[in-house]
Protein chains: 2
Amino acid sequence: MIYLVIIAAVLALGFAAFNFMTVKRMPEGTKEMAEISGAIRIGANAFIRYEYKVLYTVIAIVAVLMAVITTWHAAVALLIGSVMSGCAGFVGMKIATYANVRVTNRARETKDIGETVKVAFRGGSVMGLCVGGCALLGLFLVYVIFGIGMGQLDITTASYKNMLGLSFCPFTMTLSGYALGCSLVAMFNRVGGGIYTKAADMGADLVGKTEAHIPEDDPRNPATIADNVGDNVGDVAGLGSDLLESFVGAISSGIILAYHMFSKSLAENTGMTNEMLKTLILFPMIFVALGLIACCIGIAFLLLKKQMSKDPHKDLNGATYIAAGMTLVFGVIVSYVMFHGYEASALNRILGFKCGWISTWIAAAIGVIAGVVIGMIAEYYTSADFQPTRNLAQASLEGAALTITQGMALGMKSCMAPCVILGVGIIVSYQVSGMYGVAMAAMGMLSFVTATVSVDTYGPISDNAGGIAEMSKLDPEVRKITDTLDSVGNTTAAIGKGFAIGSGALAALALMISYLYSYNDFSTALILNLVEPMTLAGVIIGGALPFLFSGMLIEAVAKAARKMVDEVRRQFKEIPGILEGKAKPDYKTCIEISSKGAIAEMKIPSLLAIAVPVVCGFVLGPEFVGGILIGSTICSIMIAIYAGNAGGAWDNGKKYIESGEIPGAGKGSEAHDAAVVGDTVGDPLKDTVGPCLDIFIKIMSTVSLVAVAVFAEHNLADWFARIFG
Amino acid sequence: MIYLVIIAAVLALGFAAFNFMTVKRMPEGTKEMAEISGAIRIGANAFIRYEYKVLYTVIAIVAVLMAVITTWHAAVALLIGSVMSGCAGFVGMKIATYANVRVTNRARETKDIGETVKVAFRGGSVMGLCVGGCALLGLFLVYVIFGIGMGQLDITTASYKNMLGLSFCPFTMTLSGYALGCSLVAMFNRVGGGIYTKAADMGADLVGKTEAHIPEDDPRNPATIADNVGDNVGDVAGLGSDLLESFVGAISSGIILAYHMFSKSLAENTGMTNEMLKTLILFPMIFVALGLIACCIGIAFLLLKKQMSKDPHKDLNGATYIAAGMTLVFGVIVSYVMFHGYEASALNRILGFKCGWISTWIAAAIGVIAGVVIGMIAEYYTSADFQPTRNLAQASLEGAALTITQGMALGMKSCMAPCVILGVGIIVSYQVSGMYGVAMAAMGMLSFVTATVSVDTYGPISDNAGGIAEMSKLDPEVRKITDTLDSVGNTTAAIGKGFAIGSGALAALALMISYLYSYNDFSTALILNLVEPMTLAGVIIGGALPFLFSGMLIEAVAKAARKMVDEVRRQFKEIPGILEGKAKPDYKTCIEISSKGAIAEMKIPSLLAIAVPVVCGFVLGPEFVGGILIGSTICSIMIAIYAGNAGGAWDNGKKYIESGEIPGAGKGSEAHDAAVVGDTVGDPLKDTVGPCLDIFIKIMSTVSLVAVAVFAEHNLADWFARIFG
């Protein structure tokens, strides 16, 4: 059955390659369009090169450290993970920079929305398919090389001792290394890309719109290409590797939990068999493999569709719903095949599965449904079709201060509904299939990730397409088509953000539980006791961490944006004729400034996220780190939802005013100025802070999961306790 | 020794009465001043009357429910608590409305800062002394009536059965009732007052400053008296009853913990004696009684001082430091007297006191120091003397959006330092004296609360004094003196807010631990296991609660402010000559609108805080509520620190610009406009959201503490489990 995984991975990657080539073969349009798109592509490539240099240096260091302190297997798995995640991000970004101009051109040639949507979605699907395909390919490699090849799957062959004499549970350690490799890439892509995209955007807007009074995406603005590059490196590469990480995290934590359940079962003599363990390990991999195939079908369905509906949003939703629905159908089959051989009473007694063979499917289905509902909630709060954003737009009539205040209130209130969904999901999935069920809910939510990433990536591609249309001064009708695509992209982005934090939160919680299993004694119940002062202190300090991290990110964006502002001002002053459109601005310098600024500013927050759990673990021990993890996860979930929804609502509130729906307000009115302030405030929140927090909590969990194997036994706090009594 | 408590209470209340009379006998100044101050006083009284009507209706309902479901003793204690807290708030507000005009007049007559400060501080000390005195008086009554008189202190007389056949631990239940009475008053005072003060302030500013371009506190603005009333009902009465609640909560949780330790000890036969239990129960009461006496000395020292220093801030700090220092000195003595009779090894074995008789003192001292340090951190982040606020002011040069962004970043980054202090405080106090030590740290932090409340109340009195000086068109020199006092008041307010959330957090955590003790089995270790899905779901949903609550509060303020804006606009239009100063505005209607608006808007958030833990407890059981408590406490701490510091920094950043320290910016510049936007956004954050969250977490904990006695045994989740499981 394990071959299903490689079949699905190859199928997805093949489909991705096909879509890549299909898109690349399409015509680019006029010479001007090709030129602009070329500039964006060169800029994006340059940034990724800079970034990957830093990234792979860090990874090399971490890999060496891991090989020494833990096991060399884990270090190799880490490298595999980082290559997979790095490739997915790189290829996805690459196709996005090819697809953007071809979307514009298709709009120009056909003047048909449906056809244009298809090109954008085909481009986006490359990213989605790469995420699913690369994640599974890497997982298959790790499973086959280490699990089967080196016999690590057989837990009874006892633990592995490394060169320092520390012992490890081999396969879970290797798997954690794989997850960590994906995490590290995601961390740098999210943080670096997040800072880049908003620094360029804010820098372009602050001088262009506010000082020089030229519209967005105007070719006279030297920062405009950098702004478009930002969409590709932040919203495409960052998002892709982030969700790949959630995907891998959810699957890995399921497998790790299965291992620990088995060890515990051995200790307690509940009668769990090796065969049952293998089923538990295989189930999530097979489930997501079928999910990936379902996503391929959903994507193909949209691409082959003859009669596109008038609202692109419906078509895109259709692809996602087909993928999710088919995942559920396939899931029933795989659950039946894998678990129906066991008696229901045995499953209940040994594994805590209350509903027989269908238990794990129910847990996964809860995840699928929760993922869809959380996306809908995000849409409710951020789309101008609903009351909250309309009220926010209305508040703009009363000035900037009330716009901000109202947006804050909206964002804060929006935290409750998704959290209730998560909470209910956790309770029900646990009731049905125990702790393994919680991991399966996370896996379920992520099983159709390929479809959601494809839809998400469609957004920035369309955004870029609009920019290219504007910059190459095409027919306004073309711009109208790309604008329609772009506005749909805004909604899908909000849904995607809700989904990213929801699935990230579940994945992080599953990883956290794996973490706890990794250091708790198998012979006792699994406990992270909040009443232990170490844990309590950890929760409090952990809660402050995402606030510190967010504050640092906001400052990083502002700092990088200021450098951009200075450069744009300089060019306006020093290049004569630039504002009259007679001279060409120096786009390249702006791109370089963004790149350097983002790389410089991403280092400290990223290292903070990696270092804090390790340092705290070695100084204060595993209970403290457990507290840190739960505190930071909770606060990160809230800030990310708040930031995503407040930011989305400010953005769409501004667009609502621009559409002229509110009497007495419109482009250029005072209300519009107030709405622009709201949008500018929301930009770094929704596109830097929120997305970075998704990965922040996961990287803290994976780093802790890897390091706890060492610091559970060797930490200063224990050492003091042993000395002093 | 228990008589020390009543002696301290009587001493404090007598001192308060003396100061009250002394202030009231001072001359009011000109007829105009007396008139304005009269209007403020009438407005404040009217609001308190409205509010107390709602409040005592709720309290009557809660008391009846408690008498039926728990015990009548607890209901009576609840009434005592609510009367004590209500009185303290009422008297403190009353004297503030007398003191304001007398401060102005003293400035007018003497032109001496030191003399003026003394009047303001004497007024403030009445609130401070009432907080300490009333809290201890009520505690003494409860202790003597129920503890000694009805024999509830003797735990071995077994539990009490109420009319429904439910059984309770009598004294801890009674004490929890007392704490709940204080909580309920604090809740309504904080929320009602918080909405009132900012609705009036924002309403006055939005029309006055922005539309009519008249300065703050201008008598032509109809909302200006309401604005001044707001300072008294929000910053005086609200703050006073909030800190009284923390004070009572910290003491009660210490006593309740002692009880449970005793019960556990009986079960485990560790050899704890009844006498030891009584020492543990008495210790916090005696400690705070001596702390109250220390505060009286500190207050008297400042009032009797001949040579005041030039910087009022130093004098005020002096009073606090004397109070804190003497509390520590008295504390050593009381610790020695009470605990030196026990052998160090016995204390360690039975109670977990690692350092002999001085253990509890060390824990309390940690609390005292932590309280002072947390205040200093708040000052660092919000005072224009330090870099963060100066950088924020600098950012105003770049427009409103970057001002907001920078302020958000500042507030977010400021969460870490106080949380580290709290975390370290918890770990160390636990190491020294176990869980009882954590409660003692909370008690220590609050033991000099009388001094901090006195200094805090000085702020709004000075603010009002400045308003009166402006409105009665006194000599600019008078205004200059009151401005000096007011600017010191801004700093003390920021310190007070830091202290309020820090002490509130510790008190809430101590209450939460009491809550856990109340439903956990004595024969096992105390556990709130995060890996239980019920707890985990509770933590997630609990984390979203303060965000929901904050969002609702912000909207409530905006809604009430809008009503005020409409009224002010109406008056400007309908009363001819109002803007020329020829006609008198209708202040009374504005006050009524604020009052009604605040009362209407405070109901839902307040009831949410009270109802959520009870409803969740009866539906989902005590583990879920335990999760809710920890999740909401953590997130509330963060939001409150964020809101307080960001709001304070925006306010002082604006003042820094107004002072002309930044070249190219000043009153009326574009940078100033941006800073005003920041200040307006920060206002509801720092004066409504932050303060309300302090009490939000405590009321949830006390409500849960009372209700858990019932829902631990009787809840739907258990009932389902019994039926289906």
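Quick caveat: nothing in here was measured; it's all calculated off a predicted structure.

Asker: Residues and numbers for the overall build of chain A, please.
Answerer: Along chain A, the regular secondary structure elements total 20 helices and 2 strands. Whereas a compact globule of 725 residues would reach a radius of gyration of roughly 27 Å, chain A reaches 25 Å, a difference of no more than 12%. Along the longest, intermediate and shortest principal axes, the C-alpha atoms of chain A span 80 × 60 × 45 Å. If you take every contact in chain A between residues at least 6 apart in sequence, the share linking residues at least 24 apart comes to 85%. Accessible surface computed for chain A: about 22300 Å², of which carbon and sulfur atoms make up 63%. Distance from the positive charge centre (49 side chains) to the negative charge centre (56 side chains) of chain A: 5 Å.

Asker: Mind laying out the pattern of salt bridges, listing which residues take part and the relevant values?
Answerer: For the structure shown, the criterion picks out 58 salt bridges over all chains. A salt bridge links Asp242(A) to Lys698(A), with the shortest nitrogen-to-oxygen separation between them at 2.6 Å. Remark: Lys698(A) occurs in helix H19 (residues 670-711) and Asp242(A) occurs in helix H6 (residues 224-268); sequence separation between them is 456 residues. Between Lys654(B) and Asp679(B) there is a salt bridge; the shortest N-O distance is 2.9 Å. Within this pair, whereas Lys654(B) is found in helix H18 (residues 622-658), its partner Asp679(B) is found in helix H19 (residues 670-711), the two being separated by 25 residues in sequence. The burial state of Lys654(B) is the same as that of Asp679(B); both residues are buried. The network of salt bridges with shared partners includes Lys198(A), Asp201(A), Lys497(A), Asp651(A), Lys655(A), Asp683(A), Lys686(A) and Asp687(A).

Asker: Explain the relation of the copies chain B and chain A to me, and be specific about the residues and the numbers.
Answerer: If you rotate chain B by 180° and push it 0.0 Å along the axis, it lands on chain A with an RMSD of 0.0 Å. Such a combination of turn and shift is consistent with a two-fold rotation axis. Among all residues of chain B, the one whose C-alpha sits closest to the rotation axis is Asn529(B), at a distance of 2.4 Å. In this assembly the copies share their binding face: 100% of the residues contributing to the interface of chain B also contribute to that of chain A.

Asker: For a nonpolar patch on the surface, give the residues involved together with the corresponding values.
Answerer: Residues and elements named next belong to chain A. Taken together, the side chains of Val615, Val619, Leu716, Trp719, Phe720, Ile723 and Phe724 present a nonpolar region at the surface, about 710 Å² in accessible area. For the nonpolar patch, the secondary-structure elements that each account for two or more residues are helix H17 (587-620) and helix H20 (716-724). Looking at the nonpolar patch, the element that brings in the most residues is H20, giving 5 residues. Its place among the elements puts Ile723 in helix H20.

Asker: Can you tell me about the nonpolar core, naming the residues and giving the values?
Answerer: One finds Leu136(A), Met408(A), Leu136(B) and Met408(B) to be the most contacted residues of the largest nonpolar core, which totals 563 residues. Ignoring sequence-local partners within four residues, the contact set of Leu136(B) consists of Val5(B), Ala8(B), Ala9(B), Phe247(B), Ile251(B), Val288(B), Ala289(B) and Leu292(B).

Asker: Describe the environment of Pro691(A), and please don't skip the residues or the numbers.
Answerer: All names here are of chain A. Topologically, Pro691 is positioned in helix H19. With a relative accessible area of 5%, Pro691 lands in the buried category. The sequence separation of Pro691 and Arg190 amounts to 501 residues, and the corresponding C-alpha distance is 6.8 Å.

Asker: How would you summarise the interface of chain B and chain A if you had to cite specific residues and measurements?
Answerer: Every contact between the two is made by 64 residues of chain B and, on the other side, 64 residues of chain A. When the two sides are added together, the surface that chain B and chain A hide from each other amounts to roughly 6100 Å², 83% of it contributed by carbon and sulfur. Per-residue buried area on chain B facing chain A is highest for Met412(B), Ile540(B) and Phe547(B); these three make up 12% of the total on that side. At the surface where chain B touches chain A, the tally comes to 4 salt bridges. One can count 8 residue pairs in polar contact (both at pLDDT 80 or more) joining chain B with chain A. Its residues assigned to classes, the side of chain B that touches chain A comprises 52 nonpolar, 8 polar and 4 charged.

Asker: I'd love a proper account of the environment of Leu392(A), names of residues and values included.
Answerer: Residue and element names in this part refer to chain A. Inspection of the secondary structure puts Leu392 in helix H11 (residues 387-395). Looking at Leu392, the relative accessible area reads 1%, which means it is buried. For the pair Leu392 and Gly407, spaced 15 residues apart in sequence, the C-alpha separation works out to 6.3 Å. For Leu392, the residues in contact, after removing those within four places along its chain, are Thr403, Gln406, Gly407, Ala649 and Trp650.

Asker: Mind laying out the layout of surface pockets, listing which residues take part and the relevant values?
Answerer: The computed volume of the second largest pocket comes to approximately 1300 Å³. In terms of lining residues, the second largest pocket is bounded by 47 residues, among which Glu532(A), Pro533(A), Lys354(B), Tyr430(B) and Gln431(B) are the most central. Of all the elements in the fold, those that place two or more residues in the lining of the second largest pocket are helix H16 (533-574), H17, helix H18 (622-658) and H20 of chain A together with helix H6 (224-268), helix H9 (344-351) and helix H13 (416-447) of chain B. Per-element accounting of the lining of the second largest pocket gives the leading share, 7 residues, to H13(B).

Asker: How would you sum up the packing of aromatic side chains? Please name residues and give values.
Answerer: All told, the structure shown has 36 aromatic pairs over all chains when counted by the stated rule. An aromatic cluster is present here, built from Phe283(A), Phe287(A), Phe339(A), Phe353(A) and Tyr436(A) joined pairwise through their rings.

What counts and what doesn't
- Residues numbered from 1 in each chain as written.
- Chains lettered and ligands numbered in written order.
- Predicted model: local features only at pLDDT ≥ 70, side-chain atom pairs only at ≥ 80, totals over all residues.
- Heavy atoms only, no water.
- Helix = DSSP H or I, 4+ residues; strand = E, 2+ residues; numbered from the N terminus.
- Rg over C-alpha atoms; globule rule 2.2 N^0.38 Å.
- Contact = heavy atoms within 4.5 Å.
- Areas by Shrake-Rupley, 256 points an atom, 1.4 Å probe, with all protein chains shown as cover.
- Lys, Arg positive; Asp, Glu negative; His and termini not counted.
- Charge placed at Lys NZ, Arg CZ, Asp CG, Glu CD.
- Salt bridge = Lys/Arg side-chain N within 4 Å of Asp/Glu carboxyl O.
- Buried < 20%, exposed > 50% of the residue type's maximum accessible area, 1.4 Å probe, protein only.
- Least-squares fit on C-alpha atoms with pLDDT ≥ 70 in both.
- Patch = residues over 30% accessible without salt bridge, like charges linked within 9 Å, V, L, I, M, F, W, Y side chains within 5 Å.
- Core = buried A, V, L, I, M, F, W, Y, C linked by side-chain atoms within 4.5 Å.
- Buried area = accessible area lost by both parts, 1.4 Å probe.
- Polar contact = N/O pair within 3.5 Å; in protein donor to acceptor, adjacent residues only side chain to side chain.
- Nonpolar A, V, L, I, M, F, W, Y, C, P; charged D, E, K, R; others polar.
- 1 Å grid on protein atoms, 1.4 Å probe; cavity = no way out; pocket = protein on both sides within 12 Å on 5 of 7 lines; lining within 4 Å.
- Points joined across faces, edges and corners; volume = space filled by probe spheres on them.
- Phe/Tyr/Trp six-rings, centres within 6.5 Å; stacked < 30°, edge-to-face > 60°.

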